[in-house]
Amino acid sequence: MASLTERLDQMEAAIRKPSFRQSSGRANELNYWVFDYPPEKELEVRERIEYLKNKNAKGVDGFELVVFDLYDIIIDYLEKEDFLEQCYRFEKKRGLDRITKAVSNSMKVNDDDSLIVQHIKDNTPENAVVFLTGIGKCYPILRSHKVLNNLHQAFVRVPVVMFFPGTYNEQELILFNEIKDDNYYRAFRLVK
């Protein structure tokens, strides 16, 4: 198996190919990809994504790399709505399960008009590659299968790469290599 650095190099080469940015993936499936990695390598992956974003900003790639940290989207929303302090108090009183449900409902995470999906749609130019990060930081408020399912219903114009701290075998996602999600995904593993 290739090292993480080799896989990140392969991922970078893959997204630069014009064929990667076509509107559909393999076998005309949606152009959604999962880049899984060992959770303990989170900082290395973040550094590479930041490097790629800065490199892409020079405008020579023929596409715009747009990075959405899902955790930041949630926090920004809670701050904008002045809910963050209320969330802290609510969690102390009612527990994590209740705050998870409250935030999910407030952001319409399970709905077709999810605020996260809308934010991604509104802030993605036509000729782009989207990177989704922050999956691990969002758990349990936001589950990766919800993001992929909601996005594929509403957003298909550019390729999406979800960076996943855990394991993905094109059948199941296992967050942190411990928390198994029993859903089927319409996404492909970017590099093995």
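Here, every reference points to the structure presented above.
Report on the accompanying structure.

Rules used throughout
- Residues numbered from 1 in each chain as written.
- Predicted model: local features only at pLDDT ≥ 70, side-chain atom pairs only at ≥ 80, totals over all residues.
- Heavy atoms only, no water.
- Helix = DSSP H or I, 4+ residues; strand = E, 2+ residues; numbered from the N terminus.
- Axes fitted to C-alpha atoms, helices over the stretch in contact; angles between N-to-C directions.
- Parallel < 35°, antiparallel > 145°, perpendicular 65-115°, else oblique.
- Contact = heavy atoms within 4.5 Å.
- Nonpolar A, V, L, I, M, F, W, Y, C, P; charged D, E, K, R; others polar.
- Buried < 20%, exposed > 50% of the residue type's maximum accessible area, 1.4 Å probe, protein only.
- Arc of directions from axis to C-beta.
- Polar contact = N/O pair within 3.5 Å; in protein donor to acceptor, adjacent residues only side chain to side chain.
- Lys, Arg positive; Asp, Glu negative; His and termini not counted.
- Salt bridge = Lys/Arg side-chain N within 4 Å of Asp/Glu carboxyl O.
- Patch = residues over 30% accessible without salt bridge, like charges linked within 9 Å, V, L, I, M, F, W, Y side chains within 5 Å.
- Areas by Shrake-Rupley, 256 points an atom, 1.4 Å probe, with all protein chains shown as cover.
- Charge placed at Lys NZ, Arg CZ, Asp CG, Glu CD.

### A look at unusual backbone geometry
Then, number 1: Here Tyr 139 and Pro 140 are connected by a cis peptide whose omega angle stands at 5 degrees.
Then, number 2: Mapped onto the elements of the fold, Pro 140 is located in the loop between helix H7 (135-138) and helix H8 (144-154).
Then, number 3: Its identity is not glycine, yet Lys 108 carries a phi of approximately 55 degrees, on the positive side.
Then, number 4: Turning to its location among the elements, Lys 108 is positioned in the loop between helix H5 (96-106) and helix H6 (115-122).

### Quick look at the packing of helix H3 (residues 70-80) against H6
Then, number 1: Contact geometry of H3 with H6 gives a least axis separation of 11 Å together with a crossing angle of 110 degrees. As summarised for this structure, H3 and H6 are arranged roughly perpendicular, according to the angle between their axes. For the pair H3 and H6, the contacting residues are Leu 70, Ile 73, Ile 74 and Tyr 77 in the first and Leu 115, Ile 116, His 119 and Ile 120 in the second.
Then, number 2: Here the residues of the contact of H3 with H6 sort into 7 nonpolar, 1 polar and no charged.

### Here's the deal with H3
Then, number 1: Those residues of H3 that sit buried are Leu 70, Ile 73, Ile 74, Tyr 77 and Leu 78. Buried residues of H3 fall within an arc of 130 degrees about the axis and therefore sit on the same side.
Then, number 2: One side-chain oxygen at the N-terminal end of H3 lies 2.9 Å from the backbone nitrogen of Tyr 71; it belongs to Asp 69.
Then, number 3: With its phi angle positive at about 60 degrees, Asp 82 sits one or two positions after the end of H3.

### Focus: the side chain of Arg 21
Then, number 1: The topology assignment puts Arg 21 in the loop between helix H1 (4-16) and strand E1 (32-37).
Then, number 2: Comment: no salt bridge for buried Arg 21; closest opposite-charge side chain is Asp 61, at 7.7 Å.
Then, number 3: From its side chain, Arg 21 meets the backbone oxygen of Ile 15 in a polar contact 2.9 Å long.
Then, number 4: With sequence-adjacent residues up to four places away left out, Arg 21 is seen in contact with Ile 15, Arg 16, Asn 31, Asp 61, Phe 63, Asn 127, Val 129 and Pro 159.

### Focus on the environment of Thr 133
Then, number 1: Relative to the helices and strands, Thr 133 resides in strand E3 (residues 128-133).
Then, number 2: By relative accessible area, which is 12% here, Thr 133 ends up buried.
Then, number 3: Separated by 61 residues in sequence, Thr 133 and Asp 72 have C-alpha atoms that sit 9.4 Å apart.
Then, number 4: Among residues more than four places away in sequence, those in contact with Thr 133 are Ile 49, Val 67, Phe 68, Asp 69, Leu 70 and Phe 163.

### Topic: a positive patch on the surface
Then, number 1: Together, Arg 89, Lys 93, Arg 94, Arg 98 and Lys 101 make up a region of like positive charge exposed at the surface.
Then, number 2: Of all elements in the fold, only helix H4 (84-94) and H5 reach the threshold of two or more residues within the positive patch.
Then, number 3: In terms of residue count, the dominant contributor to the positive patch is H4 (3 residues).
Then, number 4: Here Arg 94 shows up in helix H4.

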